[in-house]
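# Structural overview
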Amino acid sequence: MRCRIHTLPSITLQALVLIVYPFFHRIKRGVFTLQLFDTNQFQQDLLAWYRSEKRDLPWRRENDPYRIWVSEIMLQQTKVDTVIPYYERFMNDFPTLQALAEAPEEKVLKAWEGLGYYSRARNLHAAVKEVQSHYGGRVPDSEKEIHQLKGVGPYTAGAVLSIAYQVPAPAVDGNVMRVLSRLFSMYDDITKASTRKMFEEIIRDIISEEDPSSFNQALMELGAVICTPTSPGCLLCPVADHCRASAEGVQELLPVKPKKKAPKTVHLQSLVLSSEDAVLVEKRPEKGLLANLWQFPMLADGEPEAMWTNYAKQRDGTVRNLTYVAHIRHVFSHLVWEIDVYKAEGSISSPEERQAWMTEAQMDEAAFPVSHQKIREEVQSSSSDR
DNA sequence: TATGCGTGGAT
DNA sequence: TATCCAAGCAT
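Criteria and cut-off values
- All residue numbers here refer to positions counted from 1 along the written sequence of the relevant chain.
- Chain labels run from A onward and ligand labels from 1 onward, assigned in the order the entries are written.
- At least 70 in pLDDT is required for a residue's local features to be given in this predicted model, at least 80 for side-chain atom pairs to be given and counted, and no such filter applies to totals for whole chains, interfaces and linings, which use all residues.
- The side-chain quantities take in all heavy atoms of the structure and omit both hydrogens and water.
- UniProt positions are given in the numbering used here, feature names are shortened, and annotations may be inferred rather than shown by experiment.
- Here a strand is any run of E in DSSP of at least two residues, a helix any run of H or I of at least four, and the numbering for each starts at the N terminus.
- Burial status follows relative accessibility: with a 1.4 Å probe on protein chains alone, a residue under 20% of its type maximum counts as buried, one over 50% as exposed, and anything between as partly exposed.
- Here, residues are in contact when the closest pair of their heavy atoms is within 4.5 Å.
- Note on areas: Shrake-Rupley, 1.4 Å probe, and residue coverage restricted to the protein chains presented here.
- Charge assignment: positive for Lys and Arg, negative for Asp and Glu; neither His nor the chain ends contribute.
- Think of each charge as sitting on NZ of Lys, CZ of Arg, CG of Asp or CD of Glu.
- Points on a 1 Å grid over protein atoms alone make up a cavity when a 1.4 Å probe fits among them but cannot get out, and a pocket when they form an open set with protein on both sides within 12 Å along at least five of seven lines; lining residues each have an atom within 4 Å of a point.
- Grid points are joined across faces, edges and corners, and a volume is the space filled by probe spheres set on the points.
- Proximity criterion: a residue is near a molecule or strand once any of its heavy atoms comes within 4 Å of it.
- A 3.5 Å cut-off defines polar contacts: any pair of N or O atoms within that distance qualifies, except that in protein one atom must be a possible hydrogen donor and the other a possible acceptor, and neighbouring residues in sequence count only when both atoms are side-chain atoms.
- In the scheme used here, Gly and all other residues not listed as nonpolar or charged are polar, with Ala, Val, Leu, Ile, Met, Phe, Trp, Tyr, Cys and Pro taken as nonpolar and Asp, Glu, Lys and Arg as charged.

Per an unreviewed UniProt entry, chain A goes by the name Adenine DNA glycosylase and belongs to Alkalicoccus urumqiensis. Regarding chain A, the relevant UniProt record gives this comment under Sequence similarities (unreviewed entry): "Belongs to the Nth/MutY family." Looking at chain A in UniProt, the text filed under Catalytic activity (unreviewed entry) is "Hydrolyzes free adenine bases from 7,8-dihydro-8-oxoguanine:adenine mismatched double-stranded DNA, leaving an apurinic site."

## Quick notes on the overall build of chain A
Helix and strand counts for chain A come out as 18 helices and 7 strands. Based on the C-alpha atoms only, the size of chain A along its principal axes is roughly 75 × 60 × 35 Å. Buried residues in chain A amount to 47% of all 386 residues. Within chain A, contacts between residues at least 6 apart in sequence are counted, and of these 69% link residues at least 24 apart. Summed over its atoms, the accessible surface of chain A is roughly 20200 Å², and 52% of this surface lies on carbon and sulfur atoms. Chain A carries 45 positive and 50 negative side-chain charges, and their two centres are separated by 6 Å.

## Some points on the layout of surface pockets
Looking at the largest pocket, its volume works out to about 1900 Å³. Leu-75, Gln-77, Asp-173, Gly-174 and Asn-175 are, among the 49 residues lining the largest pocket, the residues nearest its centre. Only helix H5 (65-75), helix H6 (80-93), helix H11 (154-165), helix H12 (174-183), helix H13 (193-206) and helix H14 (212-225) provide two or more residues apiece to the lining of the largest pocket. The element best represented in the lining of the largest pocket is H14, accounting for 5 residues. In this structure, the second largest pocket encloses a volume near 520 Å³. Along the walls of the second largest pocket sit 22 residues, with Gly-116, Tyr-117, Tyr-118, Leu-290 and Phe-332 positioned nearest its centre.

## Digging into empty space enclosed by the protein
For the coordinates displayed, the defined rule picks out 1 cavity of 30 Å³ or more. Roughly 120 Å³ of volume is contained in the largest cavity. The wall of the largest cavity is formed by 14 residues, among which Arg-182, Cys-227, Cys-234, Cys-237 and Cys-243 lie closest to the centre. With 3 residues, the single largest contributor to the lining of the largest cavity is H12.

## Description of the protein's contact with DNA strand B
In the neighbourhood of DNA strand B, 18 residues make up the surrounding shell, with Tyr-117, Tyr-118, Leu-290, His-330 and His-334 lying closest. For DNA strand B, the backbone makes up 63% of the atoms found within 4 Å of the protein, where backbone means sugar plus phosphate. Within the side chain of His-330, an N or O atom sits 2.6 Å from a phosphate oxygen of DNA strand B. His-334 is positioned such that a nitrogen or oxygen atom in its side chain is 2.6 Å from a phosphate oxygen of DNA strand B. A class-by-class count of the residues in the surface near DNA strand B yields 9 nonpolar, 8 polar and 1 charged.

Shown next, in the form of C-alpha cells:
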C-alpha cells in the first residue's frame, strides 16, 4: 500500500491531500496553533526582523489616519511600486481629508487615472465626505464605524485601525493568508470568505497587543518580500523555525487557490470624430466598468461606414473621410476588448447629455481609461505620419 | 457564495 | 504568448 502511494503521480497525491484535508484541518489547527506554536517567540522574531528590514515607504513616514487610509485603498490589488507615484501626487493634490472632501469628482478621477479599479476613487471620495460631515473630519477609530464607510472592507478597516490607531484588529490580505497558510500548513481555499474569517480569528490569537501596527505590517511585508507566491525565500525567513510548511517542504503547494476562468472577448469599434480643433467624447455610465470615465464613442462591431453614418445621423450630424486607424487589444482582469479604431471629420448638432467636444487641452484634464489613451496615441501617430 | 471590477509586471 | 498575480470590495 505504501509503495503504491509513492508511485502515484504527484498530481494525484495533491488531489488526495485536498480531498482528505478539510476533514482534519480544524483538529490539526487546534493542536498546532494553540499548543505547539510559540506565539511570544514568533512575535519577537517577526517584529525584530520588521524593525530592521522594513522598506522605507512614503505612508510609513507619517501617522495621519487620512493618509494611511488613502494608501490602503490604493494598495488594494495593486503593487507598492505602482502605488508610490500615485500616492505622492495624490497627497500633493489633496493633502488633507478636508481638501479631498471639497474636491470635485473629476479631479479625483483624474488623479486616479491609470491606477485601475476606479470605484475605489469614487468610494473613497464619498467616504471622506461622510467623515467630514458626520464625524467632524476625524477618521473613526472603531471597527463598526470605519467598516460602514464606502470602500472600507474587513481588510482596510483592520489596516487603518491598527496602523493609524494601534488597535489590535486583524488586517488579513492576500499576503497574510499566504503566510498563515504556510505557517500552519493549511490547505483551505483562500478565495473563500470563510477562510479569511478563520485567519482573522487566528490573528486575534497571535497579534502583538503592544504593537499591532508593526505586527500586521510585518506579516504583509514578509509575504511581499520573503514568503512570495513562487520560490519563497525560506532560507532568509525570520520565522522559518515556526513554519510548518517549511518543515514539511510543502511551501510551494500553498496557499490553495482555484484557477481563474478565462476572460470573455468583446469586439468593438471606436470613432475619433474631429471638428475643428475638438473631438467628440462621452462620459461612461455612473455605474459598472470604468464608471464616469471619458471615452471616444464606442459601438459593438459592425459595418463601419453604415454604423457611424447612422450614429451621426441620429444626433443630427455628419461623418466624412471615415478612415481605419488601428486595432487595439485591451485586457481587463475579467474581459478582453478587441477594438477597431476609426477616425473621421464631422459634426454633431444634438450631442447627448454625457457627450462633449473636447480640445487636446481639455482632454488632458479629463480622466480616460488606459484603453482610450492607447486610441489617442494611435490617432496622433497616424496623423503625424503624413 | 460568485462575479464584476483595471492595470502593469513577473515568470 | 499565456497565465498569474498585487496591501479587496460591492453586490
